[in-house]
Amino acid sequence: MQLIFRYGFLELQNIPLALADWQYILLIVATVFIAAGGYIINNIFDVETDTANKPKNVIVGQYISETKAYNLYTGFTIIGVALGFYLSNVISKPSFASLFIVIAATLYFYATSLKQSLLIGNLIVALLLSFSVIIIGIFDLFPLTNQENRPVLGLLFGILLDYAIFAFIINFIREIVKDLQDVNGDSNQGMNTLPIVLGVIKTTKLVFVLSFIPVILTLNYIYSNLFASGLLYGTLYGLVFILAPLLYFTIKIWSAKTTQDFHHLSTVLKWILFFGILSIVVISLNIKYNA
């Protein structure tokens, strides 16, 4: 995602960027390492739940020891935060290093306690995913912003924010669908997810209603920003690869009942997120060659 936004969008805008290519790679590595650390600590605390929900995917305790998992978590997190500290000094904003510390701490508290709170865990995962888009603008655009280029860079940052919001909505819905998929194992472990509180049927209907939010926003975005601007390829791409799968999800979630149904729909949302991110390349190229 971060590679696509840098080289499929920002690099095509003919503007100066704050980070050199190798420094931007370090930003990606920092993001990946902190996320990896969060994934590992989550697996450490999720052994019992994962054993019930997806026994074939349990890693800690079967393939690596808990001690080794903790060491890997510590190593990945320290390297990720250290890289974030370095990059913050590169752009002369040392206080920005706190962003990486807060993200790493949030992932830890999510794994240890917050994910057991109703909807809090879902919101945190969705927010952290969306922030991995916003952080591009923070490190690559914001440091070079001045009075002259503020309108242009502000517009580009706004586009990144639009995609961050899209990523947040899709991933938030997907987190609830994953809770529907894992409801039996989560219930046995005393979790407090939405399907456990409301029941599977009511939660499914709630997701059905929520699914109209990205449908309406996507349709409005395609019409207002792509179709109205004469971007034919961008419009067709949005209709076929984003809006159509969203409508498919909306139709299928209404009657979804089994674990397999929810797993399938979770995968559909993954693809929607992927094609949504990829759309920035299609739109950028459509603008470039139409102009």
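Everything numeric in this text was worked out from a predicted model, so none of it was measured. As a convention, each chain's residues are numbered from 1 in the sequence order in which they are written. Since the coordinates come from a predicted model, pLDDT governs what is reported: local features require at least 70, and pairs of side-chain atoms require 80 or more to be given and counted, while whole-chain, interface and lining totals use all residues. Side-chain numbers come from the whole structure's heavy atoms, not from hydrogens or water.

Visitor: Can you walk me through the packing of helix α6 (residues 120-140) against helix α7 (residues 150-181) in this structure?
Guide: Angles run from 0 to 180 degrees between N-to-C directions of axes, and those axes are lines fitted to C-alpha atoms, restricted for helices to the stretch in contact. A run of H or I in DSSP counts as a helix once it spans at least four residues, and a run of E counts as a strand once it spans at least two, with each numbered from the N terminus. One way to put it is that α6 packs onto α7 with a least axis distance of 8 Å and a crossing angle of 160 degrees. As far as their axial angle goes, α7 and α6 are roughly antiparallel. By crossing handedness, the relation of α6 to α7 is classed as right-handed. Between α6 and α7, the contacting residues are Asn122, Leu123, Val125, Ala126, Leu127, Leu129, Ser130, Val133, Ile134, Ile136, Gly137 and Ile138 on the first element and Phe157, Leu160, Leu161, Ala164, Ala167, Phe168, Asn171, Phe172, Glu175, Ile176 and Asp179 on the second. Put simply, Ala, Val, Leu, Ile, Met, Phe, Trp, Tyr, Cys and Pro go in the nonpolar bin, Asp, Glu, Lys and Arg in the charged bin, and everything else, Gly too, in the polar bin. Looking at the contact of α6 with α7, its residues break down into 17 nonpolar, four polar and two charged. Between 65 and 115 degrees an angle is taken as roughly perpendicular, under 35 as roughly parallel, over 145 as roughly antiparallel, and anywhere else as oblique. A crossing counts as left-handed when the near helix is turned anticlockwise from the far one by less than a right angle, and as right-handed when that turn is clockwise. Contacts are assigned to residue pairs that have any heavy atoms within 4.5 Å of one another.

Visitor: Help me understand the environment of Asn184, please; the structure alone is not making it clear to me.
Guide: Residue position: Asn184 is located in helix α8 (residues 183-188). When a residue's accessible area, from a 1.4 Å probe over protein chains only, is under 20% of the maximum for its type it is buried; when over 50% it is exposed; and in between it is partly exposed. Since its relative accessible area comes to 56%, Asn184 is described here as exposed. The spacing of Asn184 and Pro195 is eleven residues in sequence and 9.7 Å in space, taken between C-alpha atoms.

Visitor: Would you explain unusual backbone geometry in this entry?
Guide: In most cases, non-glycine residues show a negative phi, while peptide bonds are predominantly trans. Phi at Asn14 takes a positive value of approximately 55 degrees, unusual for a residue other than glycine. Here Asn14 lies in the loop between α1 (2-7) and α2 (21-45). With a phi close to 70 degrees, Leu119 is a non-glycine residue in the positive phi region. Within the secondary structure, Leu119 is located in the loop between α5 (97-112) and α6.

Visitor: Looking at this structure, I do not really get the pattern of salt bridges. What am I missing?
Guide: Take a side-chain nitrogen of Lys or Arg and a carboxyl oxygen of Asp or Glu: if they are within 4 Å of each other, that pair is a salt bridge. Counted by the stated rule, this structure contains four salt bridges. Of the charged contacts in the structure, one is a salt bridge between Glu11 and Arg6, with a shortest N-O distance of 3.3 Å. A relative accessible area of 36% places Glu11 in the partly exposed class. Looking at Arg6, the relative accessible area reads 2%, which means it is buried. Salt-bridge contacts for Glu175 lead to Lys178; the nearest nitrogen and oxygen are separated by 3.3 Å. Linking Glu175 with Lys178, this pair stays in helix α7, spanning three residues, or about one helical turn. Here the salt bridges share partners, and the residues they tie into one network are Arg6, Glu11, Asp21 and Asp140.

Visitor: Any chance you could explain the nonpolar core here in plain terms?
Guide: If you look at the biggest cluster of nonpolar residues, it comprises 67 residues, and the most contacted ones within it are Phe5, Phe139 and Phe249. When neighbours within four sequence positions are excluded, Phe249 is seen to be in contact with Ile173, Val177, Val207, Ser211, Leu265, Val268 and Leu269. By size, the runner-up hydrophobic cluster in this structure holds seven residues, among which are Ile40, Val60, Tyr73 and Ala111. We define a nonpolar core as any set of buried Ala, Val, Leu, Ile, Met, Phe, Trp, Tyr and Cys residues linked to one another through side-chain atoms lying within 4.5 Å.

Visitor: Would you explain helix α10 (residues 200-210) in this entry?
Guide: Along α10, the residues classified as buried are Thr203, Thr204, Val207 and Phe208. In an axial view of α10, the angular spread of the buried residues amounts to 150 degrees, which keeps them on one side of the axis. Seen from the buried face of α10, the exposed residues on the opposite side, beyond 90 degrees, are Ile201, Lys202 and Val209. Tucked inside the fold, the buried residues of α10 contact α7, α9 (194-198), α11 (212-227), α12 (232-255) and α13 (259-290). The arc under discussion is defined with respect to the helix axis, by the directions toward the C-beta atoms.

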